[in-house]
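# Per-entry structural report
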Amino acid sequence: MRLSRYFLPVLKQTPAEAQIPSHRLMLRAGMLRQEAAGIYAWLPLGHRVLKKVEQIVREEMDRAGAIELLMPTLQLADLWRESGRYDDYGKEMLRITDRHDRELLFGPTNEEMITEIFRAYVHSYKDLPKNLYHIQWKFRDEQRPRFGVMRGREFLMKDAYSFDLDEESGRKSYNQMFVAYLRTFARMGLKAIPMKAETGPIGGDLSHEFIVLAETGESAVFCDKRVLDLPIPGFDVDYRGDLQPIIDQWTSLYAATEDVHDVARYERETAPENRMTARGIEVGQVFFFGDKYSKPMKATVTGPDGVDRAVQMGSYGVGVSRLAGAIIEASHDDDGIIWPDPVAPFGAGILNLKPGDAACDAACETAYAALSAAGKEPLLDDTDERPGGKFATMDLIGLPWQLIIGPRGLAEGTVELKRRAPGERKTLSLESAIQAITG
Ligand code: ATP
Ligand code: MG
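Cut-offs applied
- Residues numbered from 1 in each chain as written.
- Chains lettered and ligands numbered in written order.
- Predicted model: local features only at pLDDT ≥ 70, side-chain atom pairs only at ≥ 80, totals over all residues.
- Heavy atoms only, no water.
- Helix = DSSP H or I, 4+ residues; strand = E, 2+ residues; numbered from the N terminus.
- Rg over C-alpha atoms; globule rule 2.2 N^0.38 Å.
- Buried < 20%, exposed > 50% of the residue type's maximum accessible area, 1.4 Å probe, protein only.
- Contact = heavy atoms within 4.5 Å.
- Areas by Shrake-Rupley, 256 points an atom, 1.4 Å probe, with all protein chains shown as cover.
- Lys, Arg positive; Asp, Glu negative; His and termini not counted.
- Charge placed at Lys NZ, Arg CZ, Asp CG, Glu CD.
- Pairing = 2+ DSSP bridges.
- Axes fitted to C-alpha atoms, helices over the stretch in contact; angles between N-to-C directions.
- Domains from an automatic or database assignment.
- Buried area = accessible area lost by both parts, 1.4 Å probe.
- Salt bridge = Lys/Arg side-chain N within 4 Å of Asp/Glu carboxyl O.
- Polar contact = N/O pair within 3.5 Å; in protein donor to acceptor, adjacent residues only side chain to side chain.
- Nonpolar A, V, L, I, M, F, W, Y, C, P; charged D, E, K, R; others polar.
- Expected span 1.5 Å × (residues − 1).
- Core = buried A, V, L, I, M, F, W, Y, C linked by side-chain atoms within 4.5 Å.
- Near = heavy atom within 4 Å.

Bringing the overall build of the protein into the picture now. Within the protein one finds 13 helices and 23 strands. On C-alpha atoms alone, the protein measures out to a radius of gyration of 24 Å, which is about the 22 Å that the 2.2 N^0.38 rule sets for 439 residues. Each principal axis of the C-alpha atoms in the protein carries an extent, and together these give about 80 × 60 × 40 Å. When the 439 residues of the protein are sorted by exposure, 52% land in the buried category. Across the protein, contacts joining residues at least 24 apart in sequence account for 71% of those joining residues at least 6 apart. Summed over all atoms, the accessible surface of the protein reaches about 19,600 Å², with 49% contributed by carbon and sulfur. Each charge class in the protein can be summarised by its mean position, and for the 55 positive and 66 negative side chains these summaries are 2 Å apart.

Okay, here's the thing in structure tokens:
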């Protein structure tokens, strides 16, 4: 992409309404535009990040055996009356009436709809287990939308739903999602810690929230800090094998949010030097709830014994749009965002310090072609802005690499290469710089 043709409305001033770094930086870097409280337009740069985050979530869901579909944003109120949640949900639900006076709602989640789809087609244990997911916009009329995309009213969520014949098999589906989540967040450069969460009526320990540590997080968390060093399952993890040892490893160390924090247990299980109190951002939650929806909604399957029973379900959410903000909370400095490579909107920036200079233009074109061919998706700053402004913009938007090309260096056969994270610049030949970026 050439910046002269792109749409990157960066702001010089820090917007007064933004209270936390990710919100400030997303507005300043031209990623986001607020259209109403908690409702945002994703501008081109933000949209590229959102798509990258979404794609990582998708790849890890697929790897774990979940199957993608797409359900609508609008749902019939009657569907929610079947589960009893239509009245329970309260003011967070955006209720809509169509021209025929039919009651609809903008979906805050999809347990009812997926159960309706499941029961229409699946009737035998032979078709189990199944795990269906979608990545779709949700609406929750939050009382206090704030912190930009962290707590929006309209937000993008991945939600998966598992269906199993019995609890034991349901636990396996839960474990698959647990492991997929460990991998998903790690691929985005995040350390997300699974923490014991409020359990449903089924009891047991079958709900975990995945929490990214950040000073600006909304929840207080208490954990054994050794959890930060646990190994992430590799891409070759066998999802059909026994995942319980991985789950046991991750859940044997104490980690809980304030809602379920048990001081006595914490102090008993965690040596004083390992205790860590921090704040965190919930980026995902996994839940096993058995027949909570399948029973009232009559989603039954016939077992091998010929007996019909309500299918055992779990649901698994990831805050896709919240993640874009959470990644920034975890990775920024005073100058701007520092994107981890896998979610960077562009892989590298090329700064032409003197557009119109034949040697600069030619070197930039060479770099642009080579990085494009290598799949690095470069952003070439070919604008007339002065060099200081170009450096500031590049630091602000946080691309992992900056390739700086100016007439003085070129006269000596060199360019400069800066890695955004540590910030140091190296002087080297154009070929070596391209080589360093493409690896
Ligand atoms: P929270 O406690 O933060 O309100 P939740 O527990 O109500 O979230 P879930 O129903 O578990 O949310 O939704 C799954 C995921 O969707 C959450 O883990 C979170 O990452 C994301 N999410 C939930 N609400 C919002 C929101 N208002 N804005 C952005 N992301 C959200
Ligand atoms: Mg939650």
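After presenting the structure, the write-up continues.
Attention now moves to the sheet that holds strand β22 (residues 415-419). Here we have 5 strands laid out as an open sheet, ordered β20-β19-β21-β22-β23, and mixed in their pairing. The open sheet has two free edges, formed respectively by β20 (378-381) and β23 (425-428), since each of these has just one partner strand. Strand-to-strand twist across the sheet, computed as the mean angle between neighbouring axes with direction ignored, equals 20°. Pairing geometry for strand β19 (residues 348-352) and strand β21 (residues 401-405), over 5 bridges, is parallel. Note on β21: the bridge partner recorded for I350 is L403. Each of β19, β20 and β21 is contacted by helix α10 (residues 358-373), which is oriented at about 170° to β19, the strand it contacts most. Relative to β19, helix α11 (residues 387-397) is tilted by about 175°, and along the sheet it contacts β19, β20, β21, β22 and β23.

With that settled, consider the domain arrangement of the protein. When the domains of the protein are assigned, the result is domain 1 (3-337) and domain 2 (346-438). Relative placement of domain 1 and domain 2: their C-alpha centres are 38 Å apart. Of the residues lining the interface, 15 residues belong to domain 1; the matching set on domain 2 comes to 13 residues. Here domain 1 packs against domain 2, burying approximately 1,300 Å² in sum over the two surfaces, 58% of which is carbon and sulfur. For the pair domain 1 and domain 2, the number of links is 3 salt bridges. Of the charged contacts, one joins E377 and K52 as a salt bridge, the two residues approaching to 2.5 Å between their closest N and O atoms. Where domain 1 meets domain 2, there are 8 residue pairs in polar contact (both at pLDDT 80 or more). The set of elements that each furnish at least two residues to the side of domain 1 that touches domain 2 consists of α1 (21-28), α2 (44-63) and β18 (336-337). Examining the composition of the side of domain 1 that touches domain 2, we find that 3 residues originate from one element, α2, more than from any other. Here the residues of the side of domain 1 that touches domain 2 sort into 8 nonpolar, 2 polar and 5 charged.

Let's shift gears to the pattern of salt bridges. With the rule as written, the count across this model stands at 30 salt bridges. Across the salt bridge formed by E103 and R81, the nearest N and O atoms sit 3.0 Å from each other. Taken together, the residues E103 in strand β6 (residues 103-106) and R81 in helix α3 (residues 77-83) connect sequence positions 22 residues apart. R81 sits in the partly exposed class, given a relative accessible area of 37%. When the shortest N-O distance is used, the salt bridge between D341 and R419 registers 2.6 Å.

Helix length check: helix α6 (residues 167-187), at 21 residues, gives a terminal C-alpha distance of 30 Å against a target of 30 Å (1.5 Å per residue), a fit within 8%. Directly beyond the C-terminal end of α6, a positive phi value near 80° is found at G189.

Membership of the largest hydrophobic core comes to 85 residues, with the highest contact counts inside it found for M31, M61, F185, M188, F210, V283 and W339. Counting contributing residues per domain, this core is built from domain 1 (3-337) and domain 2 (346-438), each supplying no fewer than three. Not counting residues within four places of it along the chain, the set of residues in contact with M61 comprises A66, Y133, K158, A160, M177, A180 and Y181.

Close to ligand 1 lie 14 residues, the nearest being R140, E142, R151, G152 and E282. Interatomic distance of 3.0 Å between a side-chain N/O atom of R140 and an oxygen atom of ligand 1. Measuring from an oxygen atom of ligand 1, one finds a side-chain N or O atom of R151 at 2.7 Å. Taken by itself ligand 1 offers 580 Å² of open surface, and the protein chains cover 80% of this. Broken down by secondary-structure element, the contributors of at least two residues to the shell around ligand 1 are β8 (154-164) and β13 (275-290). For the shell around ligand 1, the leading source of residues is β13, giving 4 residues. Residues that form the shell around ligand 1 fall into these classes: 5 nonpolar, 4 polar and 5 charged.

Before going further, it helps to examine unusual backbone geometry. Peptide bonds are, in most cases, trans, and in most cases residues other than glycine have a negative phi. In this structure, P129 follows L128 across a cis peptide bond, with omega equal to -5°. The phi angle at D101 is positive, at roughly 65°, despite the residue not being glycine. Structurally, the position occupied by D101 is in the loop between β5 (94-97) and β6. Residue class for D101 comes out exposed when judged on its relative accessible area of 63%. Backbone geometry at K298 places phi at a positive 55°, although glycine is not the residue there.

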